[in-house]
Amino acid sequence: MALDSAPYLLKNERTELTDNRSDNERNILNLIRQHKALPKATLSKLTGLSAQSATVIIKKLEASGLVKPLAPIKGGIGQPKIPFGLNPEGAFGIGLKVGRRNYEMTLIDLEGNVRATRYESVSYPTTAGFLTFASNAFHEIVKSLNDIQRLRIRGVGVAMPFAIWNWPIETGAPEATLAQWQQFDIKSELERVLSLPVFVKNDTAAACSAEMTFGNSQQWENYLYVFVGTFLGGAVVINNSLLSGRTGNAGAIGSLPFFEGQERKQLINQSSLYLLEQSLNTKGEQGKKVYDSTSPWHFHEASIIEWVSGAAKGLAHAAQCAMSLLDLDGVIVDGAIPPEIKESLIVQTQEAMFALDMRGIASTSICSGTVGANAQSIGSAILPLLANYY
């Protein structure tokens with residue numbers, strides 16, 4: 001099977017878990033994560049376990065440092081109920097995002113709080129530069145932890161574009177340099193350098209995992225997730241589960257065909273940030289600064305307006321395709337862009353949908369993601385926690 005049709009990142013997929021939990025333990029941890037805090041009686045009812053079994057599991061999780069008792073709930077008849085919540089010190093995950101313009105490493109605790117981050121801008125990703133960053137950033141981050149906390153790091157999650165060697169022209173990278181990624185076993189190399197289990201996921205799928213865990217304010221069960229970064233990416237959630245597909249690349253909306261006039265191109269060439277970067281460069285501005293921060297942009301205003309309008313047309317097309325195939329609850333849009341630009345993009349995408357022929361397709365709601373620009377990095381840090389506990 002050709003490498004392009006089966007992403008190389010899925011090689012050696014099995015990963016040993018450092019704190020693998022039973023199904024009942026996972027179920028209880030997941031319920032506590034979803035509800036923030038629950039008493040034993042409620043956990044027993046929701047899981048179908050006997051009160052005694054639920055108590056035994058809670059005691060085991062408490063002894064392991066994964067959950068802790070919170071302030072009693074007063075009121076009602078009888079003794080106050082004691083809810084249990086996640087212990088943020090119980091476990092840690094490290095996330096590593098490989099982007100086309102930057103690398104980022106993030107440390108989160110069991111509650112999902114970001115404890116530390118390291119970031120590096122690059123002109124384009126190289127395998128050697130990436131390993132150097134990963135090693136240096138890791139050793140800097142672990143310095144912020146004590147000995148017990150370091151032992152509770154459950155692994156490193158990696159979020160990166162599958163087939164990153166494609167699109168060298170759009171990336172502005174030498175074709176030979178990007179081609180090195182095609183034979184690069186990122187999982188094995190990182191496990192060798194960092195001595196921790198490594199979990200790899202498509203970058204937008206990882207961002208979607210972060211939205212599923214910490215966002216989705218609409219509580220949708222079925223939706224298209226869109227992340228607007230250097231390149232446009234997408235993921236699909238069905239029945240509250242991330243749809244991976246045969247090769248782990250389901251929801252790759254950037255590769256959708258897009259027609260404008262007589263021109264045929266991929267959606268990546270319509271709704272990606274690199275297009276704004278190029279536009280700004282032609283006007284004498286430093287286009288790469290669009291990746292430096294999500295603080296308000298102070299660039300050539302006409303370029304921003306033109307980019308938002310064009311990107312919105314592309315997102316509307318993706319939403320139409322997704323709704324016609326899957327009849328979803330809606331579309332969630334996030335990205336490495338300032339909040340006010342994201343809101344403008346969402347409004348214009350909704351307006352662009354009014355110009356499309358939507359006969360026979362349900363109306364579409366388009367909402368903002370809540371995790372934000374660091375969704376890919378945070379999503380990657382969740383991966384080892386999901387693998388061990390949920």
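Below is a summary of the structure that appears in this document. (Residues numbered from 1 in each chain as written. Predicted model: local features only at pLDDT ≥ 70, side-chain atom pairs only at ≥ 80, totals over all residues. Heavy atoms only, no water.)

### A closer look at the side chain of T177
Relative to the assigned elements, T177 resides in helix α7 (residues 175–179). Accessibility expressed as a relative area gives 17% for T177, which makes it buried. Excluding residues within four positions of it along the chain, T177 makes contact with Y124, P125 and T126. (Helix = DSSP H or I, 4+ residues; strand = E, 2+ residues; numbered from the N terminus. Buried < 20%, exposed > 50% of the residue type's maximum accessible area, 1.4 Å probe, protein only. Contact = heavy atoms within 4.5 Å.)

### Structural notes on the pattern of salt bridges
Going through the model one piece at a time under the given rule, you end up with 13 salt bridges. As a salt-bridge pair, E140 and R118 come within 2.8 Å of each other at their nearest N and O atoms. Here R118 lies in strand β6 (residues 114–121) and E140 lies in helix α4 (residues 127–142), a separation of 22 residues in the sequence. The class of R118 is partly exposed, set by a relative accessible area of 29%. Between R150 and D147 there is a salt bridge, and its shortest N-O distance comes to 3.9 Å. Of the two residues, R150 and D147 are both situated in helix α5 (residues 147–151); the distance of 3 residues between them amounts to about one turn of the helix. A relative accessible area of 37% places R150 in the partly exposed class. (Salt bridge = Lys/Arg side-chain N within 4 Å of Asp/Glu carboxyl O.)

### Regarding the packing of aromatic side chains
With the rule as written, the count across this model stands at 10 aromatic pairs. Taken together, a centroid distance of 5.6 Å and an interplanar angle of 35° make the contact between Y103 and F133 tilted. You can see Y103 sitting in strand β5 (residues 102–109) and its partner F133 sitting in helix α4, a full 30 residues away along the chain. Here W181 and F184 contribute two aromatic rings whose centre-to-centre distance is 5.4 Å and whose plane-to-plane angle is 85°, an arrangement assigned as edge-to-face. An identical accessibility class is assigned to W181 and F184; each is buried. Between the NZ or CZ atom of R33 and the centre of the ring of Y390, over which it lies, the distance is 4.8 Å. (Phe/Tyr/Trp six-rings, centres within 6.5 Å; stacked < 30°, edge-to-face > 60°. Lys NZ or Arg CZ within 6 Å of the ring centre and 35° of its normal.)

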